[in-house]
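# What the coordinates show
What follows is the residue order along each chain.
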Amino acid sequence: MGIIDTVSSALSSNAASDDGDDSRRNSEGAYWCDDCDVRVRDVAVDAEDLARDADGTPLCPDCGAAMRFERSHADGCAC
Ligand SMILES: [Zn+2]
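In this convention, every chain numbers its residues from 1, walking through the sequence in written order. Given that this is a predicted model, residues contribute local features only at a pLDDT of at least 70 and side-chain atom pairs are listed and counted only at 80 or more, while totals for whole chains, interfaces and linings are drawn from all residues. Hydrogen atoms and water are omitted, and side-chain values are computed over all heavy atoms in the structure.

An unreviewed UniProt entry annotates the protein chain as Small CPxCG-related zinc finger protein of Halobacterium bonnevillei.

Put into structure tokens, the structure is as follows:
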């Protein structure tokens, strides 16, 4: 009984923390379409189900052009 309690609590806490931490830690920037002013974070490309070109660059969902990657320099400054 003690083992089951430990395993189930460990599993649930791992799943909860992994989700939030992974998406934040792996985000290195965002993809932009300058024409459409569309911005998609790199970690959201798969969730948004964007198409990619041969190089793996996401394509703008509005116009289909390859998007420009811009690294995020600091969190909390949007200037
Ligand atoms: Zn576009």
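## Comments concerning the overall build of the protein chain
Selection rule: We count a stretch as a helix when DSSP gives it H or I for four or more residues in a row; a strand needs E for two or more, and each element gets its number in order from the N terminus. For every residue, the accessible area obtained with a 1.4 Å probe (protein chains only) is divided by the maximum for its type, and the residue is called buried under 20%, exposed over 50%, and partly exposed between those limits. Contacts were defined at the residue level, with two residues in contact if any of their heavy atoms lie within 4.5 Å.
Of the regular secondary structure elements, the protein chain holds two helices and three strands. When the elements of the protein chain are put in sequence order from the N terminus, they spell out α-β-β-α-β. Residue burial in the protein chain is summarised as follows: out of 79 residues, 19% are buried. Across the protein chain, every contact between residues at least 6 apart in sequence was considered, and the portion connecting residues at least 24 apart equals 36%.

## Section: the coordination of the zinc ion
Put simply, the rule reads: Keep in mind that water is not among the atoms, so a site may look incomplete; donors are the N, O and S atoms within 2.8 Å of the metal, or 3.2 Å for Na, K and Ca. For a four-donor site, all angles between 85 and 135 degrees give tetrahedral; for four or six donors, opposite pairs above 155 degrees with the remaining angles between 65 and 115 give square planar or octahedral; all remaining cases count as irregular.
With distances of 2.3 to 2.4 Å, the protein atoms coordinating the zinc ion are Cys-33 (SG), Cys-36 (SG), Cys-60 (SG) and Cys-63 (SG). Geometry at the zinc ion is tetrahedral, judged from its four donor atoms and the angles of 107 to 113° they form at the metal. Counting the intervening residues between successive donors of the zinc ion yields the motif C-x2-C-x23-C-x2-C. With a gap of 24 residues between them, Cys-36 in the loop between β1 (29–33) and β2 (38–41) and Cys-60 in the loop between α2 (45–48) and β3 (68–71) connect regions that are remote in the sequence. In this structure Cys-36 comes out as partly exposed when scored by relative accessible area, which is 29%.

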